[in-house]
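# Structural features, examined
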Amino acid sequence: MISAHRRTFAPPCAALVAGLFCLLGAPALDAASENDWFVPLGPPPKAAPKRINGGESLPPLPLPATPLRRSERKKQPAAPKLIGKVVWGETASFSFDGGGATEVSDWNLCPADVQQLMGKASRVLGASYGSEPVALANFSGDPAQMPVLFISGTRTLRLSGEQLAQLRAYVMRGGMLVFDSVAGSPYFYDSVKAAIAATFPEDRLRTLPADHPLYHIAADVEKVKFPKNHDGDTPLLEGVYLGSRVAVLISKYGLGCGLDDREVPMLPQAVYYDVDSANRIGVNIVAYALGYAHVGEEEAKPELFAARDEHAPTDEFVFAQLVHDGAWNVHPGAAAALLRQVNHDLAVRASLKRIALDPAKDDLSARHFLYLTGLDDFTLPEAAVRNLRRFVDGGGTLLIANGLGMATFDAAVRRELARIFPEVRLQPVPADHALLNTVYHLAEVRYTPAVLAKQPKLTAPVLEGIQVGGDLRVIYSPYDLEGGWSGMEFPLSRGYDSDSALKLGMDIVMYAATH
Amino acid sequence: MRGMRGKRSTGETALASPAALATIVAMTWWKTILAQPLAAGPRVSMACAAALSGWSCAALAVEGWAVPDARERFAVVREGGRWPASAGAVRLFPGRDLATPTVAVVADGGARVGARLVWSAPGEPLDVVFDTSKGAAAYHAYVGEGLGGGPPWTLQAGIELETRRRVESPVDTWAQMQVLWAHAAPVQGRSLVERIFDGQNRHGPSTDFCSHYHGFLQIAQPGPYLFATVSDDASFLSIDGRQIAEAPGFHGAGDGDHGEHAGTIALTPGLHAVDYWHVQGSGPTVAELAWRLPGRDRFEVVPPEAFAPVATFACRGAETPGGGDAAAFAWEMARSTILDSDVGAPALVEVRLRLMDAAAGARARWTFDDGTGADGAAVTHLFPRLGLRTVAVEVAVGTTSARRTRAIAVHPQWLQGEDFPEAVWHAQRTDLLARDPATLSPADVAPLVDYAERVPDLELLRRLGAAALPRSKAFSGAAAGLLLRLGLDLQAPEVRDYQAGRTLLTACAAAVEVAGPVAARARLHLGGLLVHAFLDAPAAQEQLRAIAVDQLNVDERRLLGMYQGDAVLAAGDVDGARAHYLATGTAAAPGDLKYALQRRSRIEEARAQLAQGDSDAAEGPLRAIEWETPVERLGTETGLLLVRVWTARQEYPFARSRCRLMLTAAPDDAHRPEVLLALAHVELAAGRRDAAADAVRRLIADHPYSEAAARAKDLALVKAQGATP
């Protein structure tokens, strides 16, 4: 039984000494207790097996030369790198009381975690990907070269302001950050949250809802197990949304050792997922990162407009999008795709410039069309509730689309609409309604695989609405529309396919413009 | 011409004049014939017939011909090895193969000694062992059929090795090993070896074979001897018929290299028979016999000196009853390049040939059955095909000439230390490229194509394809398959000779029966080529319609469905194409989330590979998606990435055609501007600036506010040519 240990600090990693370390929001805990978490998380290294036979002291017999086989000339393609494990912190020498020593590094307490994960994920996904350590000093910051950065640890994460700015730029270009509080250490978790708050001040860290793709994309992760120190059975992932994707992800409880198929024997206070749970979550993270890599890249692009659209929009149809306290900007650039199609195919003159309005503060009276979307919960201020009611009563059309089609947003929409229209409820839009027959006769549409998986025979468009003065003034799509407009694939999104979404969008625009 | 050397058994006087010699020899021959009993008549007739068909038909012109029925004899002189020895070994190179060759060895003193063949096979030299216990250092070895009458003799020296092709059978016990050995076939070869210490098969591929070493230890010191076997895979050792050691089953050599598989036997001075069986599956092979001598603390490989010696002899010249043969030659496999150690795998082999007795001033002209030739007393020739190959040599000395033609068995040099030495391959390639491929027979072209495909060497394939084009009619029947392969090879990214590919595939389809599988495949691939390289929908549809579908296998039928969809799409019928793709089948239902995830992963893998600049690696996942779900060909996601792959590899016709198909398939697709931009890039890369400008003009006119249009405006092409409307 190994219980005691001795730790000797080696010089900090050369790659990380450049610049001034800053401790961002480090909890006011004493260094001694934090260092208690800085131990090898796996068992002590096994002694090399000894050869047991009578002739071991003698050299082996010589063997005859065997012919060299022809090596395959065609080189095997190198597996592209998906995850870079970020090198940070310090390295120390650790001696086991029972004999033997090893090195411990802040960044690499579970040395085989990512490597193991990539092997498992590759088997599930049918594609081969690799990983490698990344020193931020040498990191290109290009998500196309390295879509995910993985940062794990137990002690306070210490990154310089420059490094955090580098990580922000990487995320804004489409990259994804994954933080693993590898033993459930509060020091690492709290410092990461503080770093995220400082680095992404405009975005809030949100708890991912149970129906988020990250819990289902490769394996359903509804229930999990913690070997010790935690009685719950639900996973906890938190993230920062950028567009429709989770660009920054934190696992409060340890994943790494489970990914390496082992327990954490040397930290009695550790909180971590068991092997099965960790692997399901881990593979999901890889699948999600892969599935949304192109989304990140596309949504990172600036929206392009023709020169005339740079002025205040004066066209007859202006796409005004409502800002709220949830993730309101789900599909940046998708509206432009619809509007280009509108301009191309319809007689309606639509401005390509999407404008963002705060319904509680901005004047909505000049608008005829408002769009609202989201991914999770949101709450409208009272002023916004009043303004929106006024907008609709004044003949405006409010289109609401459920970004990725998630349940949390659906519930929020119904709740907030009940506040705006306490006297009425959303009603299904019948197939023969004018809305579905203005440009295209949409008796049948196509849905994304996630919808078909649950409702394989669903072909009718599903829209709900609230009529005011005989016309539909509120149109709600429980399924994602905007993702289809963009023409991109959003894995596990419950929505319409691209063709159907564009046709529905054009019907809606035409209806709003003519009613 | 060379006469007899050494003592003449007849005691007749040597003649200085060739003419006089011929006269006397003729007389001697006739005397010999007349001296035969009547029953010998048929033998005489056979000898004449043989002479007419290969050997010189001259009269018996040599003296001291001790074995009347022999057809050829060789002077055999000691060359090396330990001496004295109770046995000698020599390799003979007869002028032709005999159905059942036998050998008789006569010592210089005229006494016939015991002898037997170790190995003979069509096209191969004869390996002979014979009794040297009387101590003679020079002999004559006679070759013929039914040369009985030699003294009884058994080889009791050295180690004789026989290897056979392994059959699938367990080797966990002695009994199982014996069963395996009894059923193993064919025999790959026999030879004499110096010790049991082999890391390869001496007679064939070094996988899936089994060996039996039978030798004689010569023990001087009595005492207990500890023998060990080290092997990969199984091995079994017996001495004097007693089971001593075994390493059964399939395993590596490492578990026995400290003598773990050992056994002791007390040996007395004298000869002791050693039998060592070895069985090899796949992977490295080791057969090794070690011993620990009395009083020693460690094992060592049993050295050659521990076995009773066998002296080696050299074959110095050939004579027929008609006289010396100046065109007699010896041959050996010099070096080879093997792509795969399996039997039948393609290999290029260089054979070293030399006149056995090159007279001063002799001019030798070699002719090979692959349409090439060479000059010189010793030459090395590269054969593009294995098997029995015909070699002819004509030797002129002054005004006289001699000619020998025989088949030799060309096989890889099995004892080469490396299967595919790069330097050897480069030299062989230079040799092949320097040849006129038009002189190659279809029989030689086929394995060469096989070889070039597997190296791969696209330049060689291109040359072979170009050579096949003007004489495609020569490749009829079964050989037409070669046109199909070459037609596909010429479409390879590094060759891109689509017109030649089209011609070869067309010729292939015409060369074989309409209903045959080769014709069906040729039409299938021709149809695909016509769509993807030439965008010729009517011609493609004609070829695809003519296919006898029942001649295609399952995968080919799937490909046919895809090509039919492509051809229909190229003709502008999107719904028809969709129907074909859907009828072809899909690997996943629309709601199959697992497949959707795998699809996404593959696309990302392809994108990542493209980002790394590895277009070959990017192609695989994309092809896999379209193979599993052909209707993807109506979309743009895989198509746009494939266009990037093809553009990077300069396969512009493929890239251009795919862009056109995507524009047809998805007129309202959100990615249509991207397709037009991709088309502009393709045309620009292909050097077709006008076509590129047209694509850009169309993009900007139809999709003025698209991101693609914005990026197109940055193209230098647009600025230079004013493509903006």
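Details of the structure are given in the entry above.
First things first, this report covers the structure right here in the doc. Remember, predicted model here, so these are calculated numbers, not experimental data. (Residues numbered from 1 in each chain as written. Chains lettered and ligands numbered in written order. Predicted model: local features only at pLDDT ≥ 70, side-chain atom pairs only at ≥ 80, totals over all residues. Heavy atoms only, no water.)

### Thoughts on the overall build of chain B
Summing up its helical and strand segments, chain B has 20 helices and 27 strands in all. The buried share of chain B, taken over its 725 residues, is 54%. Contacts in chain B between residues at least 24 apart in sequence constitute 69% of all its contacts with a sequence separation of at least 6. (Helix = DSSP H or I, 4+ residues; strand = E, 2+ residues; numbered from the N terminus. Buried < 20%, exposed > 50% of the residue type's maximum accessible area, 1.4 Å probe, protein only. Contact = heavy atoms within 4.5 Å.)

### Considering the overall build of chain A
When you go through chain A residue by residue, the secondary structure sums to 14 helices and 17 strands. Out of the 515 residues in chain A, the part that is buried amounts to 55%. Across chain A, the fraction of contacts at a sequence separation of at least 24, relative to all contacts at a separation of at least 6, is 77%. Working note: accessible area of chain A is about 20900 Å², and carbon and sulfur atoms make up 55% of it. (Areas by Shrake-Rupley, 256 points an atom, 1.4 Å probe, with all protein chains shown as cover.)

### Some remarks on the sheet that holds strand β8 (residues 206-207) of chain A
Residue and element names in this part refer to chain A. What the 7 strands build is an open sheet, ordered β5-β2-β6-β7-β10-β9-β8; its pairing is mixed. Lying at the two open borders of the sheet, with one neighbouring strand each, are β5 (130-134) and β8. Where strand β7 (residues 176-181) meets strand β10 (residues 245-251), 4 bridges bridge the pair, whose relative direction is parallel. Each residue of the ladder has a partner; that of V178, found in β10, is L249. Seen against the sheet, helix α3 (residues 113-125) touches β2 (81-86), β5 and β6 (148-153) and runs at an angle of roughly 165° to β2. (Pairing = 2+ DSSP bridges. Axes fitted to C-alpha atoms, helices over the stretch in contact; angles between N-to-C directions.)

### A few points about the packing of aromatic side chains
All chains considered together, the criterion is met by 35 aromatic pairs over all chains. Both rings, one in F226(A) and one in Y253(A), keep their centres 5.2 Å apart while their planes meet at 80°; by these two values the pair is edge-to-face. Taken together, the positions of F226(A) in the loop between β8 and β9 (237-242) and Y253(A) in the loop between β10 and α6 (256-259) put the pair 27 residues apart, joining distant regions of the chain. Each ring, one from Y213(B) and one from Y276(B), has its centre 5.7 Å from the other, and the planes form 80°; the classification is edge-to-face. Placement of Y213(B) in strand β11 (residues 209-219) and of Y276(B) in strand β16 (residues 270-280) is noted, with a sequence separation of 63 residues between them. Per residue, the accessibility class of Y213(B) equals that of Y276(B), and both read buried. Taken together through their ring pairs, the aromatic side chains of F317(A), F319(A), F369(A), Y371(A) and W485(A) make up a single cluster. (Phe/Tyr/Trp six-rings, centres within 6.5 Å; stacked < 30°, edge-to-face > 60°.)

### Some words on the interface of chain B and chain A
Taken residue by residue, the interface counts 65 residues in chain B and 61 residues in chain A. Carbon and sulfur atoms supply 56% of the area buried between chain B and chain A, which totals about 5000 Å² over both sides. Among the residues chain B hides against chain A, the three largest losses belong to H258(B), L597(B) and Y705(B). Together they make up 15% of the total. Our count for the chain B to chain A interface comes out at 3 salt bridges. (Buried area = accessible area lost by both parts, 1.4 Å probe. Salt bridge = Lys/Arg side-chain N within 4 Å of Asp/Glu carboxyl O.)

### Quick look at the pairing of strand β16 (residues 464-468) of chain A
As a general feature of sheets, a regular strand has side chains that alternate between the two faces. The sheet contact formed by strand β15 (residues 427-428) of chain A and β16(A) spans 2 bridges and is antiparallel. Along β16(A), the bridge assignment pairs P428(A) with E464(A).

### Some remarks on helix α9 (residues 517-532) of chain B
If you check α9(B), its first and last C-alpha atoms are 22 Å apart, about what 16 residues at 1.5 Å a residue would give, namely 22 Å. The buried fraction of α9(B) is high, at 13 of 16 residues. (Expected span 1.5 Å × (residues − 1).)

### Structural notes on unusual backbone geometry
Backbone phi values are negative for most residues with the exception of glycine, while trans is the configuration of most peptide bonds. Backbone torsion omega between A185(B) and P186(B) reads 0°, so that peptide bond is classified as cis. Considering the arrangement of structural elements, one finds P186(B) in the loop between α3 (174-183) and β9 (187-193). Look at the link from D232(B) to D233(B): it is a cis peptide, with omega at 15°. Backbone geometry places L492(A), a non-glycine residue, at a positive phi of 70°.

### Quick notes on the pattern of salt bridges
The full count for this structure, using the stated rule, is 72 salt bridges over all chains. Close ionic contact of D499(A) with K503(A) constitutes a salt bridge, the shortest N to O distance being 3.1 Å. With D499(A) and K503(A) both in helix α14 (residues 498-514) and 4 residues apart, this pair spans about one turn of that helix. Of the residues examined, D499(A) reaches a relative accessible area of 31% and is grouped as partly exposed. Its salt-bridge partner being R688(B), residue E683(B) comes within 2.9 Å of it at the nearest N-O pair. Taking relative accessible area as the criterion, E683(B) reaches 1% and is therefore assigned buried.

### Details of the sheet that holds strand β21 (residues 329-338) of chain B
Residue and element names in this part refer to chain B. Reading across the sheet, the 3 strands line up as β21-β22-β25 and stay open at both edges, with antiparallel pairing between neighbours. Looking at the sheet topology across the chains shown, the edges are occupied by β21 and β25 (378-383). Taken over all neighbouring pairs, the strand axes of this sheet differ in orientation by 20° on average, direction set aside. When β21 meets strand β22 (residues 347-355), the two strands line up antiparallel, connected through 9 bridges. Opposite M333, over in β22, you have V351 as the bridge partner. Along the sheet face, helix α4 (residues 422-434) touches β21, β22 and β25 and points at about 110° away from the line of β21.

### Here's the deal with the side chain of R262(A)
Turning to its location among the elements, R262(A) is positioned in the loop between α6 and α7 (275-291). Of note is the side chain of R262(A), whose polar atom sits 2.7 Å from the side chain of D260(A). (Polar contact = N/O pair within 3.5 Å; in protein donor to acceptor, adjacent residues only side chain to side chain.)

### Brief notes about the environment of F200(A)
Residue placement: F200(A) occurs in the loop between α5 (186-199) and β8. Setting aside residues up to four positions removed in sequence, F200(A) forms contacts with R168(A), V171(A) and V248(A).

### A word on the nonpolar core
All names here are of chain B. Core analysis: the largest hydrophobic core is formed by 95 residues, its most contacted members being L464, L486, L524 and L569. A total of 8 residues in this core trace back to one element, the largest contributor, which is helix α16 (residues 652-665). When near neighbours in sequence (up to four residues on either side) are disregarded, L486 contacts V449, L461, L464, G465, A468 and L504. (Core = buried A, V, L, I, M, F, W, Y, C linked by side-chain atoms within 4.5 Å.)

### Some points on the packing of helix α5 (residues 442-454) of chain B against helix α6 (residues 458-468) of chain B
Axes are the key here: two packed helices are described by the angle between their axes and the distance separating the axes. All names here are of chain B. The N-to-C vectors of α5 and α6 enclose an angle of 150°; their axes lie 8 Å apart at closest approach. Looking at the two axes, α5 sits roughly antiparallel to α6. The two elements α5 and α6 meet at a crossing, and its hand is left-handed. In this structure, α5 contributes V445, L448, V449, A452 and E453 to the contact, and α6 contributes L460, L461 and L464. The residue makeup of the contact of α5 with α6, split by class, is 7 nonpolar, no polar and 1 charged. (Parallel < 35°, antiparallel > 145°, perpendicular 65-115°, else oblique. Left-handed = near helix turned anticlockwise from the far one by under 90°. Nonpolar A, V, L, I, M, F, W, Y, C, P; charged D, E, K, R; others polar.)

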